[in-house]
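# Residue-level structural notes
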Amino acid sequence: MIKKIFLLLIAAAAVGLFFHFDLHQLLTLDGLKGSMDQFNQYKEQSPLLVIGGFFLLYVVVTALSLPGAAILTLAAGALFGLVEGLLVASFASTIGATLAFLVSRYLLRDTIKQRFPERLAAIDAGVEKEGGFYLFTLRLVPVFPFFLINLLMGVTSIKSWTYYWVSQAGMLAGTFVFVNAGTQLAQIESLSGILSFNLILSFALLGIFPFIAKGILNVFKERRVYKNYTKPKKFDRNMIVIGAGAGGLVTSYIAAAVKAKVTLIEAGEMGGDCLNYGCVPSKAVIKSAKIAEQIRHGENYGLENATPQFSFKKVMARVHKVIADVAPHDSVERYTDLGVDVVKGYGKLIDPWTVEIKLNDGGTQTLTARTIVIATGARPFVPPLPGIEETGYVTSDTLWNKFAELDEAPKKLVVLGGGPIGSELAQSFARLGSSVTQIEMSERIMIKEDLEVSTFAHEALTESGVNILTSHQALRCETRDGKKYIVVKHDDKEIDIEYDELLCAVGRSARLKGYGLEELGIETNRTVVTNEYLETLYPNIFAAGDIVGPYQFTHVAAHQGWYAAVNGLFGNLKKFKVDYRVIPWTTFIDPEVARVGLNEQDAKDKGIDYEITRFEFEELDRAITDSATKGFIKVITPKGKDKILGVTVVSEHAGDLIAEFVLAMKHGLGLNKILGTIHSYPTWAEGNKYAAGEWKRAHAPEKVLNLLEKYHTWRRG
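Residues numbered from 1 in each chain as written. Predicted model: local features only at pLDDT ≥ 70, side-chain atom pairs only at ≥ 80, totals over all residues. Heavy atoms only, no water.

### A few points about the overall build of the protein
What the protein contains, in helices and strands, is 28 helices and 21 strands. By the burial criterion, 46% of the 717 residues in the protein qualify as buried. A separation of at least 24 residues holds for 66% of the contacts in the protein among residues at least 6 apart in sequence. With the model as given, the accessible surface of the protein reaches about 36,600 Å², and the carbon-plus-sulfur share is 58%. (Helix = DSSP H or I, 4+ residues; strand = E, 2+ residues; numbered from the N terminus. Buried < 20%, exposed > 50% of the residue type's maximum accessible area, 1.4 Å probe, protein only. Contact = heavy atoms within 4.5 Å. Areas by Shrake-Rupley, 256 points an atom, 1.4 Å probe, with all protein chains shown as cover.)

### Observations concerning the UniProt feature "transmembrane region" (unreviewed entry) in the protein
In this structure's numbering, the residues bearing the UniProt feature "transmembrane region" (unreviewed entry) are residues 49-74, 86-108, 133-155, 162-182, 194-217 and 238-256. For residues 162-182, the helix share is 100%, the strand share is 0%, and the end-to-end C-alpha distance is 29 Å. Helix makes up 58% of residues 238-256 and strand 26%, and the two end C-alpha atoms of the span are 10 Å apart. (UniProt positions renumbered as here; feature names shortened; annotations may be inferred.)

### Some thoughts on the state of the cysteines
Considering all chains together, one arrives at one disulfide under this definition. The residue that forms a disulfide with C274 is C279, at a sulfur-sulfur distance of 2.4 Å. Across the disulfide from C274 to C279, rotation about the S-S bond amounts to roughly -130°, and the bridge is consequently left-handed. For C477, which is in no disulfide, the shortest distance to another cysteine sulfur is to C504 and amounts to 7.3 Å. The class of C477 is buried, set by a relative accessible area of 6%. (Disulfide = S-S within 2.5 Å.)

### Thoughts on the environment of T156
Assignment of secondary structure puts T156 in the loop between α8 (146-153) and α9 (160-186). Look at T156 and you get buried, because its relative accessible area is 3%.

### Considering the sheet that holds strand β10 (residues 467-470)
Pairing in this open sheet of five strands is parallel, and the strands run β7-β14-β8-β9-β10 from one edge to the other. One side of each edge strand has no neighbouring strand; the edge strands of this open sheet are β7 (394-395) and β10. Of the strands in this sheet, β8 (412-416), β9 (435-440) and β14 (501-504) are in contact with helix α19 (residues 420-431), which crosses β9 at around 165°. (Pairing = 2+ DSSP bridges. Axes fitted to C-alpha atoms, helices over the stretch in contact; angles between N-to-C directions.)

Here it is in structure tokens:
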């Protein structure tokens, strides 16, 4: 510890002396120009001493992360010429950078980790994945300032020798550009020299060098990645898309719209999980269940309470009719008319440009494409509980066909999982006549929401007849005397719960197997690993939708589909990073829960100085007319500012109400803008305006209002 303090004091003293004697003034462009004649005189008298002194100064400036390294590089060219200046600057900068690296590793490891956690996390991930090549990339195209790379790399596990030689090689090209520019600075003898071709070229190189370097790196990376493959000279398609869910449909639609030749491969139903097993059928059954509940509580609307009379089989038939009615929007015929070549079969990557298709009719087709997009979606995760396969279960994918065969809702239904899917289906089937038990291992359902939202959801489901068991861990499934049981653990005790049907709704896992990803070495870690452009290991192979994450929503898959299409077709001209800043989502229990951005729980975890604005729907005229006053709008803003950091809406139509806040956040509009927008009366959307009004009322300018009161008093005489 004493050694560290001593070293820190020496470094601090050196930095203090540097600024005390105004040495930083020398390390400016004006300072460099003003000192050229004097330096040249010193150089003529003692060339070795000047070179040694300059070398030492450069090492010290770089090692202490002082400002002026760029000016020193220009000075090296101005003082010593291109060759000699390049040698001096290259070795001095690398030695200095390595010293800063070692000081950071010895002295500042803990401090740097605390000061730059996010930047360090990004660099750590790169070092762990690609080591020296990642450092070389940072040196050649500096994403972070060089001094910050020196300090942050010291906290990583990269070897010192590796750090030195990679830095030497990576900074060489940039150093050459700066030194060359410095040689031209030294040759300016008149105003006309400013416009000399060599000087203009040198500074043009400074501006375009990062783009040149990035291009070189891309070529180098592609050669390394594709070294075991031969790229076709011609391609059958511009793009091949595997998977016709939301991500694949949007990708292929955009490709066809810009007149690219695109093939969409799908073995199952067009529209993917959302249309056939998820969003569409679940919302259809939610609607039927909600009407049944309203009939039971007719007194809320001035009617008589009654027991709803319905056929469960007809309810499920309606679900399938809704799917059939929506299906033409995603059909083979529609996409064919749009210009997409739709092929029914299983696609598998053979090499980075070739897809082999096992056609549903038994044949095989092979196609090549310049760009390939994997959009194979996800499937429900089934926990490996002992006995679950023997006793049987349904998932959110399989229940629609299984339940369509039933004359009535399952008498005893166990829903395993307390997330959005489990909560939606538990409430719906309870309203349709099932005795539903919902099992959740965490201490509350909908764990990603605020505590009060989870509590609200818990009460809503309980009122609908759901028996919710939180902090219960599923252990196994058993059959005894012809009856099915799931055994759960709670407070160190085992509890048997009988059921007729078990619905597994504990999450979804990406479909990764069978598409050739493993054979090509494309990295998967629960999902396909991509960069910010949705590129996989191979820059021409993209992924979109649930197979990528981080949000398994249909609208996010469609959002990613746009980026996959545009980056895949036009990435050689311009690439776009996927924007995840404003992602809304809705849980369609009754009342609905919708959210965008941060909730209070997130704000606390991030240490944000925030405030909350609330509006209760019991104060909204339209909610009163609809006898649906339960719920609220909760807005998170920075202290004293109307900038929207996040919104949670709990109410009827919450999924629709959230859209205005999504638009506001996307385009940087604050609560004042929402307050100043006319909303129709009487509508649910007025709740958004009133929430903004609550914020305005809490931030009223009291001093100005006091002055206005005095003014109006004076006006009355």
